[in-house]
Amino acid sequence: MKIIQLIQKPQARGAEIFTSWLSEELKLLGHEVLLVSLFEGDFDLPFSEDLIRLNRKKKNRFWDYSGWKKFNDIVLDFKPDLVQANGGDTLKFAVFSKKLFRGSFRLVFNNGGLVSTYLTSFWHRTFNKFLFRNIDAFVSVSNFTKNDLDQFLGKEKEHQIIPIGIQIPFFDRLAKAKPFPVLVQIAGFTYEKNHFGSLRIFELFLKKYPSAQLWLIGDGPEKERIERETDKLEFKGQVKFLGALAKPFNSIPENSMLILPSISEGLPA
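Treat the numbers as computed from the prediction; the structure is a model and nothing was measured.

Our next topic: the sheet that holds strand β10 (residues 239-243). Read across the open sheet, the 4 strands follow the order β10-β9-β8-β11; overall the sheet is parallel. Sheet topology places β10 and β11 (256-258) at the edges, where each strand pairs with a single neighbour. Averaged over all pairs of adjacent strands, the angle between their axes in this sheet comes to 25°, without regard to strand direction. Helix-sheet contacts for helix α7 (residues 223-231) involve β9 (213-217) and β10, and the interaxial angle to β10 is about 160°.

A few words on unusual backbone geometry. With a phi angle near 55°, K79 is a residue other than glycine that sits in the positive phi range. By the secondary structure assignment, K79 is in the loop between α2 (65-78) and β4 (82-86).

Let us now look at the pairing of strand β2 (residues 32-39). Counting buried positions over the 8 residues of β2 gives 7, a clear majority of the element. Bridge count for strand β1 (residues 2-7) against β2 is 6 bridges, and the pairing is parallel. Its bridge partner lying in β2, I7 is registered against S37.

Moving on: the packing of aromatic side chains. Inspection of the entire model under this criterion finds 15 aromatic pairs. Here the aromatic rings of F62 and F127 are separated by 6.0 Å at their centres, their planes lie at 55°, and the arrangement is tilted. Residue F62 is found in the loop between β3 (52-56) and α2, and its partner F127 is found in helix α4 (residues 122-133); the two are separated by 65 residues along the sequence. Given a relative accessible area of 43%, F62 falls into the partly exposed group. Ring geometry for F202 and F235: centres 5.4 Å apart, planes at 80°, overall edge-to-face. One end of the pair, F202, is in helix α6 (residues 195-208); the other, F235, is in the loop between α7 and β10, and 33 residues separate them in sequence. For the pair F202 and F235, a shared accessibility class is recorded, and that class is buried. The structure contains a cluster of three or more aromatic residues connected by ring pairs, namely F62, W63, W68, F96, W123 and F127. Above the ring of F62, the side-chain terminus of K92 is found at 5.0 Å from the ring centroid.

Here we have 7 strands laid out as an open sheet, ordered β3-β2-β1-β4-β5-β6-β7, and parallel in their pairing. The open sheet has two edge strands, β3 and β7 (158-161), and neither has a second partner. Direction aside, neighbouring strands of the sheet carry axes that sit 20° apart on average. Pairing of β1 with β4, which is carried by 5 bridges, proceeds in the parallel orientation. Bridge pairing in β4 places I4 opposite V83. Across the sheet, helix α3 (residues 90-100) touches β1, β2, β3, β4 and β5 (106-111), and the angle it forms with β5 is around 170°. Lying on the sheet, helix α5 (residues 143-153) is in contact with β5, β6 (137-140) and β7; it crosses β7 at an angle near 160°.

What counts and how
Residues numbered from 1 in each chain as written. Predicted model: local features only at pLDDT ≥ 70, side-chain atom pairs only at ≥ 80, totals over all residues. Heavy atoms only, no water. Pairing = 2+ DSSP bridges. Helix = DSSP H or I, 4+ residues; strand = E, 2+ residues; numbered from the N terminus. Axes fitted to C-alpha atoms, helices over the stretch in contact; angles between N-to-C directions. Contact = heavy atoms within 4.5 Å. Buried < 20%, exposed > 50% of the residue type's maximum accessible area, 1.4 Å probe, protein only. Phe/Tyr/Trp six-rings, centres within 6.5 Å; stacked < 30°, edge-to-face > 60°. Lys NZ or Arg CZ within 6 Å of the ring centre and 35° of its normal.

Without other data, these values stay purely geometric and don't point to any function.
Here you go:
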């Protein structure tokens, strides 16, 4: 088979890292795979071939004719049997390109999160139902995420559960140890990543280790809310917002402790 894997951007996020690992495994099985990213990013994904970078502008994601045409040119040249959209803006990008240029490939959506937490308004639900109607099949990483999507969509399309696999990645170095304990969370600032829970965990941790710090690595729509909540706390000076780092593991001290307080976790790379 010929397969195009479509990702948001080269970043240290579960969806992109797992898609890269999956692409490598598909190649070992004899399939031809292209890995295509929508937006700019500088993380070095674990994929042995060249990443095709569309370098689109996120502000144009609802009307990007030149980007949809550029992707269609790749489709016409490669002639994929299957295109898989993997989170973020990849779903609407692939649907718009396929409909506008009458693509004949099968389109699969890889669902790694809780759709119900994002589709909170009538417009969001209506728009996403339109997108989902133009998908040929769905893949979810667990029963939990599948049931959540089925409740929203109904069971009108083929929908399979394919649990994720993991590899133990090699990192060239970690940062030097700090003279105080460091709790680290690497995650996009979204509801299911539960950064409010991280603050509660850290508050309890400080009772035993008062010199500790909490480092939050990532970006996302909930970040400003978490920053405002942190400003209300007595220990706000010990919480560090480091942003989205291209190579986050190179910034983590050797004596740090990684926390994963997610409410739901589909792709905990």
